[in-house]
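Spelled out, the chains give:
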Amino acid sequence: MTHDLLYPVFLSLAGCRCLVAGLGNVGQRKLAGLLACGPAAVLALDTAPPPAAAAPLLNDARVRFARRACTAEDIAGCALVFAATGDVAENRRVAALCRRAGVLCNCASAPEEGGFQVPSVARRPPLAAALSTGGASPALARRWKGELEAWLAPRARMAALMARLRPLVLALGQETGQNTLLFRKLAASPLQIWLERDETDRCRQWLLAELPPALHAHLAELLHDLP
(Lines give C-alpha, C1' and ligand atoms only; values in the text may rest on other atoms or scores of the structure.)
Protein backbone atom coordinates (compact mmCIF):
# COMPACT_ATOMS: atom_id res chain seq x y z
CA MET A 1 0.00 0.00 0.00
CA THR A 2 1.53 3.30 -1.13
CA HIS A 3 1.08 5.89 1.62
CA ASP A 4 0.94 8.94 -0.66
CA LEU A 5 -1.93 7.45 -2.68
CA LEU A 6 -4.35 6.67 0.14
CA TYR A 7 -7.96 7.45 -0.73
CA PRO A 8 -9.99 8.90 2.16
CA VAL A 9 -13.55 7.62 2.44
CA PHE A 10 -16.34 7.31 5.03
CA LEU A 11 -17.95 3.85 4.79
CA SER A 12 -21.44 2.79 5.78
CA LEU A 13 -21.35 -0.64 7.42
CA ALA A 14 -25.12 -1.03 7.55
CA GLY A 15 -25.97 -4.58 6.54
CA CYS A 16 -22.28 -5.53 6.29
CA ARG A 17 -20.40 -8.46 7.78
CA CYS A 18 -16.90 -7.87 9.18
CA LEU A 19 -14.14 -9.94 10.79
CA VAL A 20 -11.59 -9.29 13.53
CA ALA A 21 -8.74 -11.78 13.90
CA GLY A 22 -7.13 -11.42 17.33
CA LEU A 23 -8.67 -10.19 20.56
CA GLY A 24 -5.74 -8.59 22.31
CA ASN A 25 -5.73 -4.89 23.10
CA VAL A 26 -5.50 -3.93 19.43
CA GLY A 27 -8.19 -6.36 18.34
CA GLN A 28 -10.53 -5.16 21.07
CA ARG A 29 -10.09 -1.55 19.90
CA LYS A 30 -10.83 -2.58 16.33
CA LEU A 31 -13.91 -4.55 17.40
CA ALA A 32 -15.23 -1.68 19.54
CA GLY A 33 -14.73 0.75 16.66
CA LEU A 34 -16.63 -1.53 14.29
CA LEU A 35 -19.57 -2.07 16.63
CA ALA A 36 -19.95 1.69 17.10
CA CYS A 37 -20.57 2.01 13.35
CA GLY A 38 -23.47 -0.43 13.04
CA PRO A 39 -22.36 -3.54 11.11
CA ALA A 40 -24.86 -6.38 10.76
CA ALA A 41 -22.44 -8.97 12.14
CA VAL A 42 -18.83 -9.38 13.22
CA LEU A 43 -16.92 -12.65 13.46
CA ALA A 44 -14.24 -12.45 16.15
CA LEU A 45 -11.48 -15.06 16.03
CA ASP A 46 -8.62 -15.94 18.35
CA THR A 47 -6.70 -19.14 18.97
CA ALA A 48 -6.54 -18.31 22.71
CA PRO A 49 -9.46 -17.95 25.12
CA PRO A 50 -10.91 -14.43 24.96
CA PRO A 51 -9.60 -12.13 27.70
CA ALA A 52 -12.02 -11.01 30.39
CA ALA A 53 -11.76 -7.43 29.14
CA ALA A 54 -13.33 -8.50 25.84
CA ALA A 55 -16.50 -9.87 27.48
CA PRO A 56 -18.64 -6.71 27.01
CA LEU A 57 -17.79 -6.71 23.30
CA LEU A 58 -18.44 -10.43 22.83
CA ASN A 59 -21.79 -10.10 24.60
CA ASP A 60 -23.02 -7.88 21.77
CA ALA A 61 -25.66 -9.83 19.82
CA ARG A 62 -23.96 -8.97 16.55
CA VAL A 63 -20.68 -10.66 17.54
CA ARG A 64 -19.90 -14.34 17.08
CA PHE A 65 -16.69 -15.66 18.64
CA ALA A 66 -14.79 -18.73 17.48
CA ARG A 67 -11.58 -20.05 19.02
CA ARG A 68 -9.56 -20.85 15.92
CA ALA A 69 -7.47 -19.31 13.16
CA CYS A 70 -8.96 -17.35 10.28
CA THR A 71 -9.76 -19.22 7.05
CA ALA A 72 -10.49 -18.17 3.49
CA GLU A 73 -14.12 -19.19 4.03
CA ASP A 74 -14.38 -16.75 6.94
CA ILE A 75 -13.18 -13.88 4.76
CA ALA A 76 -15.50 -14.50 1.82
CA GLY A 77 -18.26 -11.90 1.73
CA CYS A 78 -16.78 -9.66 4.41
CA ALA A 79 -16.78 -5.91 3.92
CA LEU A 80 -13.74 -5.35 6.18
CA VAL A 81 -11.22 -7.62 7.87
CA PHE A 82 -8.84 -6.67 10.69
CA ALA A 83 -5.70 -8.76 11.11
CA ALA A 84 -4.89 -7.87 14.71
CA THR A 85 -3.30 -10.94 16.25
CA GLY A 86 -0.06 -10.74 18.22
CA ASP A 87 1.66 -12.85 15.55
CA VAL A 88 3.20 -10.89 12.66
CA ALA A 89 3.31 -13.93 10.37
CA GLU A 90 -0.35 -14.73 11.08
CA ASN A 91 -1.39 -11.17 10.33
CA ARG A 92 0.46 -11.34 7.02
CA ARG A 93 -1.27 -14.63 6.22
CA VAL A 94 -4.70 -13.13 6.89
CA ALA A 95 -3.82 -10.07 4.79
CA ALA A 96 -2.74 -12.33 1.92
CA LEU A 97 -6.03 -14.25 2.09
CA CYS A 98 -7.87 -10.94 1.87
CA ARG A 99 -5.87 -9.81 -1.16
CA ARG A 100 -6.72 -13.03 -2.98
CA ALA A 101 -10.41 -12.64 -2.09
CA GLY A 102 -10.53 -8.94 -2.99
CA VAL A 103 -11.53 -8.01 0.56
CA LEU A 104 -10.23 -4.89 2.31
CA CYS A 105 -7.91 -5.73 5.21
CA ASN A 106 -6.29 -3.66 7.92
CA CYS A 107 -3.06 -5.34 8.99
CA ALA A 108 -2.08 -4.07 12.44
CA SER A 109 1.55 -5.21 12.47
CA ALA A 110 2.35 -4.48 8.81
CA PRO A 111 0.10 -1.74 7.38
CA GLU A 112 1.75 -2.02 3.96
CA GLU A 113 0.38 -5.58 3.70
CA GLY A 114 -3.22 -4.43 4.05
CA GLY A 115 -5.63 -2.55 1.84
CA PHE A 116 -6.57 0.26 4.22
CA GLN A 117 -5.53 2.10 7.35
CA VAL A 118 -7.80 3.25 10.16
CA PRO A 119 -7.45 7.01 10.74
CA SER A 120 -7.81 8.83 14.01
CA VAL A 121 -11.40 10.08 14.06
CA ALA A 122 -12.56 13.16 15.95
CA ARG A 123 -16.33 13.12 16.52
CA ARG A 124 -18.73 15.81 17.57
CA PRO A 125 -22.05 14.49 16.21
CA PRO A 126 -23.16 15.01 13.55
CA LEU A 127 -19.58 15.90 12.53
CA ALA A 128 -16.64 13.56 12.07
CA ALA A 129 -13.13 14.41 10.92
CA ALA A 130 -10.64 11.68 10.04
CA LEU A 131 -6.89 12.21 10.22
CA SER A 132 -4.06 10.00 8.99
CA THR A 133 -0.31 10.55 9.13
CA GLY A 134 0.20 7.70 6.67
CA GLY A 135 1.75 5.66 9.45
CA ALA A 136 4.40 8.31 10.14
CA SER A 137 3.33 8.99 13.73
CA PRO A 138 0.29 7.48 15.50
CA ALA A 139 1.23 9.59 18.54
CA LEU A 140 0.85 12.80 16.55
CA ALA A 141 -2.42 11.55 15.10
CA ARG A 142 -3.77 11.07 18.63
CA ARG A 143 -2.65 14.57 19.63
CA TRP A 144 -4.20 16.19 16.58
CA LYS A 145 -7.39 14.21 17.08
CA GLY A 146 -7.86 16.09 20.35
CA GLU A 147 -7.23 19.39 18.60
CA LEU A 148 -9.75 18.49 15.90
CA GLU A 149 -12.38 17.64 18.51
CA ALA A 150 -11.95 21.08 20.06
CA TRP A 151 -12.25 22.67 16.59
CA LEU A 152 -15.39 20.68 15.75
CA ALA A 153 -17.26 21.34 18.99
CA PRO A 154 -18.60 24.85 18.18
CA ARG A 155 -19.41 23.79 14.62
CA ALA A 156 -21.53 20.78 15.56
CA ARG A 157 -24.58 22.92 16.35
CA MET A 158 -24.41 24.60 12.95
CA ALA A 159 -24.15 21.22 11.24
CA ALA A 160 -27.13 19.94 13.23
CA LEU A 161 -29.17 22.99 12.21
CA MET A 162 -28.33 22.45 8.54
CA ALA A 163 -29.22 18.75 8.81
CA ARG A 164 -32.71 19.78 9.93
CA LEU A 165 -33.09 22.68 7.52
CA ARG A 166 -31.79 21.20 4.26
CA PRO A 167 -34.58 18.64 3.68
CA LEU A 168 -37.20 21.30 4.43
CA VAL A 169 -35.68 23.62 1.83
CA LEU A 170 -35.46 20.87 -0.77
CA ALA A 171 -39.06 19.84 -0.13
CA LEU A 172 -40.20 23.28 -1.31
CA GLY A 173 -39.33 22.28 -4.86
CA GLN A 174 -37.46 25.46 -5.72
CA GLU A 175 -34.95 25.65 -8.56
CA THR A 176 -31.54 24.14 -7.86
CA GLY A 177 -29.80 27.47 -8.37
CA GLN A 178 -32.07 29.15 -5.87
CA ASN A 179 -31.38 26.45 -3.28
CA THR A 180 -27.65 26.70 -3.89
CA LEU A 181 -27.67 30.43 -3.23
CA LEU A 182 -29.61 29.96 0.00
CA PHE A 183 -27.32 27.18 1.27
CA ARG A 184 -24.24 29.27 0.52
CA LYS A 185 -25.75 32.25 2.31
CA LEU A 186 -26.46 30.06 5.33
CA ALA A 187 -22.91 28.68 5.33
CA ALA A 188 -21.43 32.19 5.17
CA SER A 189 -23.78 33.65 7.79
CA PRO A 190 -23.02 34.50 11.45
CA LEU A 191 -25.33 31.66 12.56
CA GLN A 192 -22.42 29.48 13.65
CA ILE A 193 -21.06 32.20 15.94
CA TRP A 194 -24.47 32.99 17.40
CA LEU A 195 -25.22 29.32 18.05
CA GLU A 196 -21.88 28.96 19.81
CA ARG A 197 -22.85 31.89 22.05
CA ASP A 198 -26.41 30.59 22.61
CA GLU A 199 -27.78 33.73 20.94
CA THR A 200 -30.90 31.96 19.75
CA ASP A 201 -32.95 35.14 19.27
CA ARG A 202 -30.42 36.54 16.80
CA CYS A 203 -30.49 33.23 14.90
CA ARG A 204 -34.27 33.32 14.78
CA GLN A 205 -34.37 36.88 13.46
CA TRP A 206 -31.79 36.11 10.77
CA LEU A 207 -33.67 33.00 9.66
CA LEU A 208 -36.96 34.92 9.55
CA ALA A 209 -35.35 37.47 7.24
CA GLU A 210 -33.60 35.00 4.94
CA LEU A 211 -35.67 31.82 4.75
CA PRO A 212 -38.70 31.45 2.47
CA PRO A 213 -41.92 32.33 4.35
CA ALA A 214 -43.14 28.75 3.99
CA LEU A 215 -40.42 27.67 6.45
CA HIS A 216 -41.10 30.24 9.16
CA ALA A 217 -43.46 27.87 10.97
CA HIS A 218 -40.52 25.45 11.43
CA LEU A 219 -38.19 27.86 13.26
CA ALA A 220 -38.97 26.55 16.73
CA GLU A 221 -38.20 22.94 15.80
CA LEU A 222 -35.09 23.98 13.85
CA LEU A 223 -33.53 25.74 16.85
CA HIS A 224 -34.79 23.46 19.62
CA ASP A 225 -32.26 21.43 21.61
CA LEU A 226 -29.33 21.65 19.22
CA PRO A 227 -26.25 19.70 20.47
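Here is what the cut-offs are and how they apply
Residues numbered from 1 in each chain as written. Predicted model: local features only at pLDDT ≥ 70, side-chain atom pairs only at ≥ 80, totals over all residues. Heavy atoms only, no water. Helix = DSSP H or I, 4+ residues; strand = E, 2+ residues; numbered from the N terminus. Rg over C-alpha atoms; globule rule 2.2 N^0.38 Å. Buried < 20%, exposed > 50% of the residue type's maximum accessible area, 1.4 Å probe, protein only. Contact = heavy atoms within 4.5 Å. Areas by Shrake-Rupley, 256 points an atom, 1.4 Å probe, with all protein chains shown as cover. Lys, Arg positive; Asp, Glu negative; His and termini not counted. Charge placed at Lys NZ, Arg CZ, Asp CG, Glu CD. Core = buried A, V, L, I, M, F, W, Y, C linked by side-chain atoms within 4.5 Å. 1 Å grid on protein atoms, 1.4 Å probe; cavity = no way out; pocket = protein on both sides within 12 Å on 5 of 7 lines; lining within 4 Å. Points joined across faces, edges and corners; volume = space filled by probe spheres on them. Nonpolar A, V, L, I, M, F, W, Y, C, P; charged D, E, K, R; others polar. Domains from an automatic or database assignment. Axes fitted to C-alpha atoms, helices over the stretch in contact; angles between N-to-C directions. Parallel < 35°, antiparallel > 145°, perpendicular 65-115°, else oblique. Left-handed = near helix turned anticlockwise from the far one by under 90°. Salt bridge = Lys/Arg side-chain N within 4 Å of Asp/Glu carboxyl O.

**Notes on the overall build of the protein**
Here is step 1: Secondary structure summary: the protein contains 9 helices and 7 strands in total.
Here is step 2: Whereas a compact globule of 227 residues would reach a radius of gyration of roughly 17 Å, the protein reaches 22 Å, over 25% beyond that.
Here is step 3: Dimensions along the principal axes, computed over C-alpha positions, put the protein at roughly 65 × 35 × 35 Å.
Here is step 4: Counting only residues that meet the buried cut, the protein has 36% of its 227 residues in that class.
Here is step 5: Long-range contacts, defined as pairs at least 24 residues apart, comprise 53% of the intrachain contacts of the protein with a sequence gap of at least 6.
Here is step 6: When the accessible surface of the protein is totalled, it reaches about 12,700 Å², and 56% of it is carbon and sulfur.
Here is step 7: Within the protein, the 19 negative side-chain charges are centred at a point lying 2 Å from the centre of the 25 positive side-chain charges.

**Structural notes on unusual backbone geometry**
Here is step 1: Cis geometry is found at the peptide bond from proline 125 to proline 126, where omega equals 5 degrees.
Here is step 2: With respect to the helices and strands, the residue proline 126 is situated in the loop between strand S6 (120-124) and strand S7 (127-131).
Here is step 3: Residue aspartate 198 is not a glycine yet carries a positive backbone phi of 60 degrees.
Here is step 4: Position of aspartate 198 among the secondary structure elements: in the loop between helix H7 (191-196) and helix H8 (200-210).
Here is step 5: Judged by relative accessible area, which is 53%, aspartate 198 ranks as exposed.

**A few points about the nonpolar core**
Here is step 1: Counting 20 residues, the largest nonpolar core has Leu161, Leu186, Leu191, Leu207 and Leu211 as its most contacted members.
Here is step 2: Every element with two or more residues in this core is listed here: helix H5 (138-171), helix H6 (176-188), H7, H8 and helix H9 (219-223).
Here is step 3: At 5 residues, H5 tops the list of elements feeding residues into this core.
Here is step 4: Excluding residues that lie within four positions of it along the chain, leucine 211 makes contacts with Leu165, Leu182, His216, Leu219 and Leu222.
Here is step 5: Formed by 18 residues, the second largest nonpolar core is a distinct cluster that contains Ala21, Cys70, Val94 and Ala110.

**Observations regarding the side chain of asparagine 179**
Here is step 1: Along the chain, asparagine 179 falls in helix H6.
Here is step 2: The exposure class of asparagine 179 is buried, given its relative accessible area of 6%.
Here is step 3: Dropping the residues within four chain positions of it, asparagine 179 is found in contact with Val169, Leu170 and Gln174.

**Brief notes about the layout of surface pockets**
Here is step 1: The space that makes up the largest pocket amounts to roughly 1,800 Å³.
Here is step 2: For the largest pocket, the lining is made up of 40 residues, of which Gln117, Val118, Pro119, Ser120 and Val121 are closest to its centre.
Here is step 3: Here the lining of the largest pocket is built from residues that sort into 26 nonpolar, 9 polar and 5 charged.
Here is step 4: Composition of the lining of the largest pocket by domain shows at least three residues from each of domain 1 (17-118) and domain 2 (120-153).

**Quick word on the packing of H5 against H6**
Here is step 1: Where H5 meets H6, the axes come as close as 12 Å, and the angle between the chain directions of the two elements is 165 degrees. By the angle class used here, H5 and H6 are roughly antiparallel. The interaxial crossing formed by H5 with H6 has right-handed handedness. Facing Met158, Met162, Leu165, Arg166, Val169 and Leu170 of H5, the residues of H6 in contact are Asn179, Leu182, Phe183 and Leu186.
Here is step 2: Partitioning the contact of H5 with H6 into residue classes produces 8 nonpolar, 1 polar and 1 charged.

**Describing the pattern of salt bridges**
Here is step 1: Per the counting criterion, the structure on display carries 11 salt bridges.
Here is step 2: Aspartate 60 is paired through a salt bridge with arginine 62; the nearest N and O atoms lie 2.9 Å apart.
Here is step 3: You can call aspartate 60 partly exposed: its relative accessible area is 23%.
Here is step 4: With a closest N to O distance of 3.5 Å, glutamate 113 and arginine 99 form a salt bridge. Residue glutamate 113 is found in the loop between strand S5 (104-107) and S6, and its partner arginine 99 is found in helix H4 (residues 88-101); the two are separated by 14 residues along the sequence.
Here is step 5: According to the relative accessible area criterion, arginine 99 is partly exposed, its value standing at 48%.
Here is step 6: Via salt bridges that share partners, Arg92, Arg99, Glu112 and Glu113 belong to a single interconnected network.

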